[in-house]
Every structure is written in C-alpha cells, then in structure tokens.
Amino acid sequence: MAPTAKLLLADLASSGVKQIPSNFIRPISDRPNLSDVQISDGSIPLIDLRGLDGPNHSTIIEQIGQACQRDGFFQVKNHGIPEEMISIILNIARQFFKLPESERLKNYSDDPTKTTRLSTSFNIKTEQVSSWRDFLRLHCYPLEDYVHEWPSNPPSFRKDVAEYCTSVRGLVLRLLEAISESLGLERDYIDKKLGGHGQHMAMNYYPPCPQPELTYGLPGHTDPNLITILLQDHVPGLQVLRNGKWIAVNPIPNTFIVNIGDQMQVLSNDRYKSVLHRAVVNSDKDRISIPTFYCPSPDAVIGPPKELVDDEHPAVYRDFTYGEYYEKFWNKGLVKECCLDLFKPSNNTT
Ligand code: OGA
Ligand code: NI
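Keep in mind the model is a prediction, meaning the values are calculated, not measured. (Residues numbered from 1 in each chain as written. Chains lettered and ligands numbered in written order. Predicted model: local features only at pLDDT ≥ 70, side-chain atom pairs only at ≥ 80, totals over all residues. Heavy atoms only, no water.)

Enquirer: For this particular structure, what's the right way to read the nonpolar core?
Expert: It is characteristic of soluble globular proteins that their nonpolar side chains tend to be buried jointly. One finds Ile 64, Trp 150, Val 161, Ile 179, Met 201, Met 203 and Ile 290 to be the most contacted residues of the largest nonpolar core, which totals 79 residues. The element best represented in this core is helix 6 (residues 157-182), accounting for twelve residues. Residues in contact with Trp 150, not counting those within four places in the same chain, are Thr 116, Leu 138, His 139, Cys 140, Leu 143, Phe 157, Arg 158, Val 161, Ala 162 and Cys 165. Core analysis: the next-biggest nonpolar cluster, separate from the first, contains twelve residues, Leu 9, Ala 13, Tyr 206 and Cys 209 among them. (Core = buried A, V, L, I, M, F, W, Y, C linked by side-chain atoms within 4.5 Å. Buried < 20%, exposed > 50% of the residue type's maximum accessible area, 1.4 Å probe, protein only. Helix = DSSP H or I, 4+ residues; strand = E, 2+ residues; numbered from the N terminus. Contact = heavy atoms within 4.5 Å.)

Structural data, given as structure tokens:
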C-alpha cells in the first residue's frame, strides 16, 4: 500500500521509514559531518547570575560582555526560573507533540505570517530542501493578545505556557539591562529601542531520524531577532560555529542557552556577534527544544547607537524597521544563513 502523504514529520517518522525521503537529503557539500564535530563542554561560557543585582554585579556584567563579544553564546544558571516550571514546560511540549495527528493538525498552517501555528521544516513554501523538524510557533507578548489562539490541548497548555513566557520575559529584561550596561549604554537603552517589544516562542520537535548524516533538524543560521533564550531537553543536538568548527553544546539540566541575535549585533554596531548555529538529529531519540525569541516590535527602528559610532567605528548598518528585516528572513528560507549584509549602507538595492 502506498503511504499517504503526511503534513507533519512526526507522523512520517513514526511510520517506520528506514530511508529518509529525497526532499530531506542535503547535497554532499552541505552535510553535518557528525564525526568532525567537537564535543567540549567548557566551550560555551556558563555564567552564574546569582549576585547580578548585588556584590558581583560588575564581574557578571564583564562576563556577559565578554561572552557576547567572543562567543555570541552563553549559558546561564541561577537565572530565577524555577526548576519546576522548566520541567512543566518541557513536559507540556512533549505531550503536545504526542497528541493524535488529527488533534495536532488543528493548529497546522504553512503561512509564516500567522501568529500561532504548527508547521514543519522551516518554510515549506520557499525552501528547496526540507529539515527534520516539526514546530509550534506562538506569539507571546503581550500575552492577552495571543493566548486565546494557542492550543487548548493539553488542557493546561495555555496556563503553563503563559506562566513560562512571563517568567522568561523577566529574565530577558534583566539581561537586556546587563547587556546595555556592558556596551557602556544607559541601562534602559535597548529596552527603549524595541518599540512595544515582541516575544515569540517555538516548541521544536525533532523526531528520531534513520539517516541523521544526510539532513539537519535546522541548518546553520543566525537568529533574526534580538536575543534568544533556549531551553533544551536532555538530548544533544545544538551545535555552534566557533573558529570555523562546529561545537556541540550538550545540555546541562536547568540552564538556559542565551544567544545574541541579528538585532543585537546591529545595536552593538558589530561588537557583539550573532553566531551561526544549527540543530542535528540522531537515529534513536526524539528531541525537544524551546527557544524564546525576544524581538523589537515590527515598527521599531533599529540601527547602530550614536554612542557607539565614531571615526574609528563607523555605522556598519543603515537604519531599518524590524518588520522589514523579519520579512527578508522568512523569504530567504534559511538558504542565506544570515540577512545582516542586506542592511549595510553599501547594499542599497533592497
Ligand atoms: C532555533 C534554533 C536550536 C535547537 O530554533 O532558532 O536555533 O537546538 N534551535 O533547537
Ligand atoms: Ni536559532
């Protein structure tokens, strides 16, 4: 019997395929080369946020600034988000992706402009090669504008996710103050640049993959938003590019991974780096990751701060609205790894 086409990858993957369909296979020049990846746990700085508002303030600001500049990535512990909340959100995501296909499909859409949607790969309307991932995307700030759109199954989904989003937003606001300070800007500088602020969240589900060497969960990309707070379950999969080498960032329970997005690179006039990263898959375990993408509102005007521009450091980017940037990102379909070059003053064709 011919298999019926599946909208979601989870339902294809669980049907016991031994070979991945051809639309998932990357060209030989663009494969994960998993044996070439470094596994070094100390590679991404782990910053202890206890004392950020106390005696260790200046040391922690220094650590954050260094990490943003050198790595574009760091991990945080003692971040103030309760362990119980972390296990609840990971469980609710897992329960959601284990719902019957018909129940999950109620949330399905391949239109990236929808504010709540379940989809697969990255942007199936524009991409050439598919990625081994399903994802639920939610807008989550201001909460009251969006909660009613969210899935209502599992029954506690809205309540649990709303609590988590509020808590993560609190962490982000503290980090934005710290990062502003580390750049020598007023503490509320970045906060004020973001217009009405935006917060999106993804729940990524990476099913086991029979041929993980041939495909990605997510190919190399930078995040288009301001700053990302990633929670991952206990299964490795995230890799970060450092000095031309991919490094695995193995999960540490109850820590978050923070990474600088494209808008922060612009707001630091290139001092801080939005770094390439990717997710790989494996043949025996499914994996869940939950990134929070904090962003400017679409009408916010982003550009290098005048405080960071002088003769030696000319403005690397022109001013643009975040809405303009974000549209470019989705239309590129992750083929172009990063859109920042399109917003350099020399690139006036856009
Ligand atoms: C992302 C991302 C990494 C992961 O969703 O932008 O980089 O480990 N995810 O899922
Ligand atoms: Ni990312």
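That covers the picture; the talk isn't over yet.
Enquirer: Honestly, the coordination of the nickel ion (ligand 2) in this entry has me stumped. Any pointers?
Expert: Ideal geometry at a metal gives 109.5 degrees between four tetrahedral donors and either 90 or 180 degrees between six octahedral ones. Only His 221 (NE2), Asp 223 (OD) and His 277 (NE2) from the protein coordinate the nickel ion (ligand 2), and they sit 2.1 Å from it. Along the chain, the residues donating to the nickel ion (ligand 2) are arranged with the sequence spacing H-x1-D-x53-H. Residue Asp 223 is found in the loop between strand 7 (218-221) and strand 8 (227-232), and its partner His 277 is found in strand 12 (residues 277-279); the two are separated by 54 residues along the sequence. Here Asp 223 and His 277 have matching classes, each one buried. (Donors = N, O, S within 2.8 Å, 3.2 Å for Na, K, Ca; no water.)

Enquirer: Just checking my understanding: could you explain the pairing of strand 10 (residues 245-248) for this structure?
Expert: For a regular strand, side-chain orientation follows a simple rule: the groups alternate between the two sheet faces. Strand direction decides the pairing type here: strand 1 (residues 38-39) and strand 10, joined by two bridges, are parallel. The residue bridging Ile 39 from the neighbouring strand is Ala 248, located in strand 10. As defined by bridge partners, strand 9 (residues 238-242) adjoins strand 10 across four bridges and the pair is classed as antiparallel. Counterpart to Gln 239 in the pairing with strand 10 is Ala 248. With antiparallel pairing between neighbouring strands as the criterion, strand 9 and strand 10 make up a hairpin whose turn holds two residues, including Asn 243 at a positive phi of roughly 45°. (Pairing = 2+ DSSP bridges.)

Enquirer: Explain the site of ligand 1 to me, please; I cannot follow it from the model alone.
Expert: In the region of ligand 1, the neighbouring residues are Asn 204, Tyr 206, Leu 218, His 221, Asp 223, Leu 238, His 277, Arg 287, Ser 289, Pro 291 and Phe 293. Asn 204 is positioned with one of its side-chain polar atoms (N or O) 3.3 Å from an oxygen atom of ligand 1. Relative to its free-state accessible area of 290 Å², ligand 1 is covered by the protein chains to the extent of 95%. Going through the elements one at a time, strand 6 (198-206), strand 7 and strand 13 (287-295) are the ones with two or more residues in the shell around ligand 1. Class assignment for the residues of the shell around ligand 1 results in five nonpolar, four polar and two charged. (Near = heavy atom within 4 Å. Polar contact = N/O pair within 3.5 Å; in protein donor to acceptor, adjacent residues only side chain to side chain. Areas by Shrake-Rupley, 256 points an atom, 1.4 Å probe, with all protein chains shown as cover. Nonpolar A, V, L, I, M, F, W, Y, C, P; charged D, E, K, R; others polar.)

Enquirer: Please clarify how the sheet that holds strand 8 should be interpreted in this entry.
Expert: Two strands in a sheet stick together by hydrogen bonds in their backbones, pointing the same way (parallel) or opposite ways (antiparallel). Taken in spatial order, the eight strands of this open sheet run 2-3-11-8-13-6-5-4, and their pairing is mixed. Edge strands, defined here as strands with exactly one partner in the open sheet, are strand 2 (46-48) and strand 4 (116-120). This sheet shows a mean twist of 25° between the axes of neighbouring strands, independent of strand direction. Sheet topology note: the strand 4/strand 5 (residues 134-141) ladder contains five bridges and is antiparallel. From the neighbouring strand, Thr 116 faces strand 5, where its bridge partner is Leu 138. Sheet contacts for helix 3 (residues 83-97): strand 4, strand 5, strand 6, strand 8, strand 11 (256-260) and strand 13; angle to strand 6, the most-contacted strand, approximately 60°. (Axes fitted to C-alpha atoms, helices over the stretch in contact; angles between N-to-C directions.)

Enquirer: Please clarify how unusual backbone geometry should be interpreted in this entry.
Expert: Leaving glycine out, the prevailing phi sign among residues is negative, and the prevailing peptide bond configuration is trans. Cis rather than trans, the peptide bond between Tyr 141 and Pro 142 has omega equal to -10°. Checked against the element boundaries, Pro 142 lands in the loop between strand 5 and helix 5 (143-146). Cis geometry is found at the peptide bond from Asn 153 to Pro 154, where omega equals 0°. Within the fold, Pro 154 resides in the loop between helix 5 and helix 6. A positive phi angle, near 50°, is found at Asn 78, a position not held by glycine. Relative to the assigned elements, Asn 78 resides in the loop between strand 3 (73-77) and helix 3.

Enquirer: Help me out: how do you make sense of the UniProt feature "domain: Fe2OG dioxygenase" (unreviewed entry) in the protein in this one?
Expert: UniProt's entry tags residues 197-296 with the feature "domain: Fe2OG dioxygenase" (unreviewed entry), counted in the numbering of this structure. Between the end C-alpha atoms of residues 197-296 there is a gap of 5 Å, over a span that is 6% helix and 45% strand. (UniProt positions renumbered as here; feature names shortened; annotations may be inferred.)

Enquirer: Teacher, can you tell me more about the packing of helix 3 against helix 6 here?
Expert: Helix packing for two helices is described by the angle between their axes and how far apart those axes are. Interhelical geometry of helix 3 versus helix 6 gives an angle of 130° and a closest axis separation of 10 Å. Taken together, the axis directions place helix 3 and helix 6 in an arrangement best described as oblique. In this structure, helix 3 crosses over helix 6, and the sense of that crossing is left-handed. On the side of helix 3, the interface is formed by Met 85, Ile 88, Ile 89 and Ile 92, while helix 6 contributes Phe 157, Asp 160, Val 161, Glu 163, Tyr 164 and Ser 167. Split into classes, the residues belonging to the contact of helix 3 with helix 6 amount to seven nonpolar, one polar and two charged. (Parallel < 35°, antiparallel > 145°, perpendicular 65-115°, else oblique. Left-handed = near helix turned anticlockwise from the far one by under 90°.)

Enquirer: How do you make sense of the pattern of salt bridges when you look at a structure like this?
Expert: Close approach of charged atoms lets side chains of opposite charge pair. The full count for this structure, using the stated rule, is 18 salt bridges. In this structure, Asp 286 and Lys 98 form a salt bridge, with 3.0 Å as the shortest nitrogen-oxygen distance. Highlighted residues: Asp 286 in the loop between strand 12 and strand 13 and Lys 98 in the loop between helix 3 and helix 4 (101-105), separated in sequence by 188 residues. For Asp 286, a relative accessible area of 14% puts it in the buried group. Of the charged contacts, one joins Lys 159 and Glu 163 as a salt bridge, the two residues approaching to 3.9 Å between their closest N and O atoms. A residue pair is termed a helical-turn pair when its members lie 3 or 4 positions apart in one helix, as Lys 159 and Glu 163 do in helix 6 at four residues. Connected through salt bridges with shared partners, the residues Arg 94, Lys 98, Asp 233 and Asp 286 form a single ionic network. (Salt bridge = Lys/Arg side-chain N within 4 Å of Asp/Glu carboxyl O.)

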